[in-house]
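An overview of the molecular structure
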Amino acid sequence: MAKGREAAGGGRTVEVPPERLAGFFARFGERHDGIAATEATPHEVRVTAADGTSATATVPFGPLGEPSVAGLVAHALVPRRLALVVVRRGGHSVGIARGGRIEVSRTERHLVQGRSAAGGWSQQRFARRRAGQARHALQDAAKDVFEVLVPRLSEVDAVVLGGDRRALDELREDRRLAPLFARAEPRVLDVGEPSRAVLEEAAVRALSVQVTLRDG
């Protein structure tokens, strides 16, 4: 399970691998004096313990056919082939993964200079150069997404995004990529600078279930 992070509205969110999900809920009940209630919809499963602590799982690759904890576990364990897009200003990594393993990929890095402390015309020239570098990097990212992933969309079960949301939003403006973004999961993975290793990490994490824990 990945390290928890602070959740919006309080509590913390953890990523639970599919094979550990049943055990996670079992241990949750044991630690919190048993399960008092379970509420489930096609998009969310919430388990509330006797001490008031809750664990709310967001259904990945939904909707959930059988809204229950058992249904969520079975749903999460279904083998899936995913299209992955990891992008930041200075690079991108895209690929197809099945069962958490990369089958095909393409990664590229670009120089995008950091901010300058200089002022006046020098700062303006630097800003223009930096904007041009970022634009070129995103153009190359769009090209690779179009060439590597779009032709394979009929072969994948879902699209998972990761990296910088602003960069991803700029990619969305490319009309060639509309079919891909139409199938993207709402969740955006928080990952490091794009590389083959980061893409491999994303392939595994994309299959996990996000669970938000809140005290009673």
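Residues numbered from 1 in each chain as written. Predicted model: local features only at pLDDT ≥ 70, side-chain atom pairs only at ≥ 80, totals over all residues. Heavy atoms only, no water.

Quick word on the packing of aromatic side chains
Scanning the entire structure with this criterion turns up 1 aromatic pair. Here the aromatic rings of phenylalanine 24 and phenylalanine 25 are separated by 5.5 Å at their centres, their planes lie at 85°, and the arrangement is edge-to-face. For arginine 176, the ring lying beneath its charged end belongs to phenylalanine 146, and the centroid distance is 4.9 Å. (Phe/Tyr/Trp six-rings, centres within 6.5 Å; stacked < 30°, edge-to-face > 60°. Lys NZ or Arg CZ within 6 Å of the ring centre and 35° of its normal.)

A few points about the sheet that holds strand β8 (residues 101-109)
Read from one edge to the other, the open sheet built from 5 strands follows the order β8-β7-β6-β9-β10, with strand pairing classed as mixed. Each edge of the open sheet is held by one strand with a lone partner, namely β8 and β10 (184-189). On average, adjacent strands in this sheet sit at an angle of 15° to one another, irrespective of strand direction. As judged from the 8 bridges shared by strand β7 (residues 91-98) and β8, these two strands associate in the antiparallel manner. Of the residues in β8, the one forming a bridge with isoleucine 96 is valine 104. With respect to the sheet, helix α4 (residues 165-172) is in contact with β6 (81-88), β9 (158-163) and β10, its orientation differing from that of β6 by roughly 110°. (Pairing = 2+ DSSP bridges. Helix = DSSP H or I, 4+ residues; strand = E, 2+ residues; numbered from the N terminus. Axes fitted to C-alpha atoms, helices over the stretch in contact; angles between N-to-C directions. Contact = heavy atoms within 4.5 Å.)

Focus: the sheet that holds strand β5 (residues 54-58)
Working definition: the strands of a sheet are paired by backbone hydrogen bonds and lie parallel or antiparallel to each other. Here we have 6 strands laid out as an open sheet, ordered β1-β2-β11-β5-β4-β3, and antiparallel in their pairing. Every interior strand has two partners, whereas the edge strands, β1 (5-6) and β3 (35-40), have only one. Pairing of strand β4 (residues 44-49) with β5, which is carried by 5 bridges, proceeds in the antiparallel orientation. Paired with glutamate 44 across the two strands is threonine 58, which belongs to β5.

Focus on the nonpolar core
Ranked by size, the top nonpolar core spans 24 residues in total, and within it Val85, Leu149, Leu171 and Leu180 carry the most contacts. In contact with valine 85, not counting residues within four places along its chain, are Ser93, Val94, Val145, Leu149, Val160, Leu161, Gly162, Leu168, Leu171 and Leu180. Among the nonpolar cores identified, the runner-up in size contains 19 residues, and Leu21, Phe28, Val45 and Ala57 belong to it. (Core = buried A, V, L, I, M, F, W, Y, C linked by side-chain atoms within 4.5 Å. Buried < 20%, exposed > 50% of the residue type's maximum accessible area, 1.4 Å probe, protein only.)

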